[in-house]
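Each chain, letter by letter, is given below.
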Amino acid sequence: MVNQFQSQFDKQKSKSLELRTESIDVRRSRLKSLKNWILKNKDKIRSALHADLRKSATDTDISEIFTVTTEINDALNHLHQWARPQRVSPGMTYLGTSAKVQPEPKGVCLIIAPWNFPFNLIGSPLVSCLAAGNTAILKPSEHTPATSKMIKEMVEDIFEPEVVTVAEGAVPETTALLELPFDHIFFTGSTNVGKIVMAAAAKNLSSVTLELGGKSPVIIDETANADDAARKIVWGRFTNNGQTCIAPDYIFINEKVKNKFIASAKKYVSQLFDSKGQGMANADDYSRLVHSNHARRLVDILEEATNFGAKIEFGGEYQVDNKFIEPTLLSNIDESNRIWQEEIFGPIMPLKVYDNIDQVIDHINQNEKPLSLYLFSTSRKMKKKITKATSAGSMAINDVVVQYAHPNLPFGGVNHSGIGKSHGRYGFLEFSNQKSVLSQRIGLTNALLFYPPFNGFKKWVVSFLIKWF
Ligand code: NAD
């Protein structure tokens, strides 16, 4: 059976060969068109995000629009520098040659996005993909249909289909796309689907970037400023209704700061998300879960935890059909519960008191490496200890989530939380092949020393090289 996306793919394949030789300014002009469309159509983007996730306009400006425009501005400012071949030294053994690392476009790329930041997570990788000189087929999430439709309209307004096109659909369509021999696949989504994507990519030996999920721990030690930690964690956990891949997922806290943290967290939930006192179910600044199945799953997790004796410190109200769960903090957790085992991805946060920091480190190291790890502490010794003894895709000390948008930091996970890095220059490199180009002189070269026949002098040279080079 012919793949439904074959002709789309074939057109991009032949176009991608043309793109190899075009100038950097053509790539920049594509990025400028993307930026202009976004700036002119902010209202369209805001309406789509409100329809899909009941996101407020300002929240959309910050977490969906700014995150993409900042990537575009960074690429526009630095693309000439990123794309420039890097000369490398020949060392003693390659004297007489010249060599460079030449970034080249990979070719035809597939970008698959999840629903939680549905515009940002298509837009940001698209910027890196175009900056690196590739073509792209975009697959937005089927769970955010208004945003998917808006992205399709945007792409049709700006790009020729040979350069960028949108393939809408769910699992069957994504499965069909994954059969094609893409030069690179950039997937953002769950760890389980990440494994499916990697297995499919292996059949064509397509390279992959996997931006996955998991449980991102928070440690709050006895030296932390509990009020400051509470404000930051409440924002990071409950923004986008907890549906953020790098949201703090669970907390280990020292007994000495626990009560202060809980009292402050309760205060900040109202201050940040219900400042007009409308009640959380009506608050303008509190968004919604993506669909009622997701709300049902979260309520089941919450009920399992309370049935096992978890204490609701605040929150706990829900309306499944309305895709609403109140910001909820739980203590006294049983470690066997799903809330302690699975990525939560919603507005519920479990907290556990720890006695010994080494047990916390052991817990983190015995589980899959997290996408992000957060530490609240003023102790230099503790910062050093946690940074060195644990592994994570990214780490923030005395803050959460903000490391995502740092202009000069790579973003990504490790193993189960992801493979490869994105953002800025790291995103550009991910969509480029680092081609080595060596240029040799004519006639006598050092390499002749390694051609047979191997006389005594050549043997001496080889022994010398083995010992000293
Ligand atoms: P998901 O893995 O269910 O879906 C992601 C994409 O894969 C969608 O476009 C979907 O259509 C497609 N898909 C789903 N099942 C598939 C299958 N069986 N075969 C082929 N394609 C399939 O993820 P989601 O529920 O949309 O998003 C939530 C997850 O994404 C969370 O785990 C979260 O942590 C993660 N996430 C990670 C990042 C990051 O940057 N690391 C960012 C956002 C979300």
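Let me sum up the structure you'll find in this document. Bear in mind the structure is a predicted one, so any value in this text is a computation, not a measurement. Each chain carries its own residue numbering, running from 1 in the direction its sequence is written. It should be noted that, the model being predicted, local features are given only for residues of pLDDT at least 70 and side-chain atom pairs only at 80 or more, the latter also being counted only at that level, while totals for whole chains, interfaces and linings use all residues. Based on all heavy atoms of the structure, the side-chain values leave hydrogens and waters out of the count.

Neighbouring the ligand are 25 residues; Ala113, Glu142, Ser190, Leu212 and Glu343 lie closest to it. By the criterion applied in these results, polar contacts are pairs of N or O atoms within 3.5 Å in which, for protein atoms, one can donate a hydrogen and the other can accept it, and in which residues neighboring in sequence qualify only through two side-chain atoms. Within the contact set of the ligand, an oxygen atom lies 2.7 Å away from a backbone nitrogen or oxygen of alanine 113. Per-residue accessibility takes into account occlusion by the displayed protein chains alone, with areas from the Shrake-Rupley method and a 1.4 Å probe. Out of a free accessible area of 850 Å², the ligand has 89% covered by protein chains. Taken together, the elements giving at least two residues each to the shell around the ligand come down to helix H7 (171-178), strand E6 (184-188) and helix H8 (191-204). Residues that form the shell around the ligand fall into these classes: 14 nonpolar, seven polar and four charged. Whether a residue is near a molecule or strand depends on its heavy atoms: it is near if one of them lies within 4 Å of it. Secondary structure elements follow DSSP: runs of H or I of four or more residues count as helices, runs of E of two or more count as strands, with numbering from the N terminus. Asp, Glu, Lys and Arg are counted as charged, while Ala, Val, Leu, Ile, Met, Phe, Trp, Tyr, Cys and Pro are counted as nonpolar; the rest, among them Gly, fall into the polar class.

Attention now goes to the side chain of arginine 28. Relative to the helices and strands, arginine 28 resides in helix H2 (residues 24-40). A polar contact of 3.1 Å, which involves the side chain of arginine 28, links it to the backbone oxygen of leucine 76. Throughout, a residue-residue contact means that at least one pair of heavy atoms, one from each residue, lies within 4.5 Å. For arginine 28, the residues in contact, after removing those within four places along its chain, are Leu76, Leu79 and His80.

Our focus in this paragraph is the pattern of salt bridges. By convention in these notes, a salt bridge is any Lys or Arg side-chain nitrogen within 4 Å of a carboxyl oxygen on Asp or Glu. This model, assessed by the stated rule, comprises 22 salt bridges. Between glutamate 104 and lysine 435 there is a salt bridge, and its shortest N-O distance comes to 2.7 Å. Taken together, the residues span a long stretch of sequence, with glutamate 104 in strand E2 (residues 98-105) and lysine 435 in strand E18 (residues 432-439) at a distance of 331 residues. Residue glutamate 104 is classed as partly exposed on the basis of its relative accessible area, which comes to 23%. Whether a residue is buried, partly exposed or exposed follows from its accessible area with a 1.4 Å probe, protein chains only, as a fraction of its type maximum: under 20%, in between, or over 50%, in that order. Overall, lysine 435 belongs to the partly exposed group, its relative accessible area being 36%.

Right, let's talk about unusual backbone geometry for a bit. In this structure, proline 453 follows proline 452 across a cis peptide bond, with omega equal to 0°. As for its placement among the helices and strands, proline 453 is situated in the loop between E18 and helix H16 (456-468). Not every positive phi belongs to a glycine, and asparagine 240 is a case in point at roughly 55°. With respect to the helices, strands and loops of the structure, asparagine 240 is situated in the loop between helix H9 (226-238) and strand E9 (250-254). Positive phi, close to 65°, is recorded for valine 401, a residue that is not glycine. Among the structural elements, valine 401 can be located in the loop between strand E16 (394-397) and strand E17 (418-419).

Okay, the sheet that holds strand E5 (residues 164-166) next. Two strands form a pair only when DSSP identifies at least two bridges running between them. Taken in spatial order, the six strands line up as E5-E4-E3-E6-E7-E17 in an open sheet, and their pairing is mixed. Two strands lie at the open edges of the sheet, namely E5 and E17, each paired on one side alone. As paired elements, strand E7 (residues 207-211) and E17 share two bridges and run antiparallel to each other. Residue pairing for E17: glutamate 211 is matched across the bridge by glycine 418. Between N-to-C directions, angles cover 0 to 180 degrees, with each direction set by a line fitted to C-alpha atoms, over the stretch in contact for helices. Taken strand by strand, helix H6 (residues 145-158) contacts strand E4 (135-139) and E5, and its axis lies near 155° from that of E5. Against the sheet, H7 engages strand E3 (108-112), E4 and E6, with an angle of about 155° to E3.

Let us look at the pairing of E7. Counting buried positions along E7 yields four of five residues, so the element is predominantly enclosed. Looking at chain direction, E6 and E7 are connected through five bridges and run parallel. Directly across from isoleucine 185, in E7, lies its bridge partner valine 208. With the strands pointing away from the viewer, any crossover whose connection runs clockwise from the first strand over the helix to the second is right-handed. Tracing the backbone out of E6, into H8 and back to the parallel element E7 gives a crossover that is right-handed.

Turning our eyes to something else, we now look at the sheet that holds strand E8 (residues 217-220). If you trace the seven strands from one edge of the open sheet to the other, you get E10-E13-E14-E9-E8-E15-E16, paired in mixed fashion. This sheet does not close on itself; its edge strands, each paired only once, are strand E10 (311-314) and E16. Sheet twist, expressed as the average angle between the axes of neighbouring strands with direction ignored, equals 25°. In this sheet, E16 lies alongside strand E15 (residues 372-376) in parallel orientation, the contact comprising four bridges. Bridge assignment links leucine 373 to a residue of E16, and that residue is methionine 395. In the packing of H9 onto the sheet, contacts are made with E8, E9, strand E13 (328-331), strand E14 (348-354) and E15, and the angle to E14 comes to roughly 140°. Here helix H10 (residues 255-273) sits on the sheet and contacts E8, E9, E10, E13 and E14; the angle it forms with E9, its principal contact strand, is near 135°.

So, on to the pairing of E6. The element E6 is largely enclosed, with a buried count of five among its five residues. What you see with E6 is no split at all: His184, Phe186 and Thr188 on one side and Ile185 and Phe187 on the other are buried throughout. In this sheet, E6 lies alongside E3 in parallel orientation, the contact comprising four bridges. Following the sheet pairing, cysteine 109 is matched in E6 by histidine 184.

Glancing now at the packing of aromatic side chains. Only rings of Phe, Tyr and Trp enter the pairing, Trp through its six-membered ring, and a pair is recorded when the two centres are within 6.5 Å. The plane angle decides the type: under 30 degrees is stacked, over 60 is edge-to-face, the rest tilted. Evaluation of the coordinates by the stated rule reveals 13 aromatic pairs. Ring geometry for phenylalanine 9 versus phenylalanine 182: centroids 5.1 Å apart, planes at 85°, classification edge-to-face. Pair noted here: phenylalanine 9 is in helix H1 (residues 6-19) and phenylalanine 182 is in the loop between H7 and E6, with a separation of 173 residues, a long-range link. When its relative accessible area of 2% is taken as the criterion, phenylalanine 182 is described as buried. Taken together, the aromatic side chains of Phe457, Trp460, Phe464 and Phe469 make up a single cluster linked through ring pairs. Counting as a charge over the ring demands two things of the Lys NZ or Arg CZ atom: a distance within 6 Å of the ring centre and an angle within 35 degrees of the ring normal. Over the face of the ring belonging to tryptophan 340 we find lysine 352, whose NZ or CZ atom lies 5.7 Å from the ring centre.

No statement about biological role is implied by the geometric values presented.
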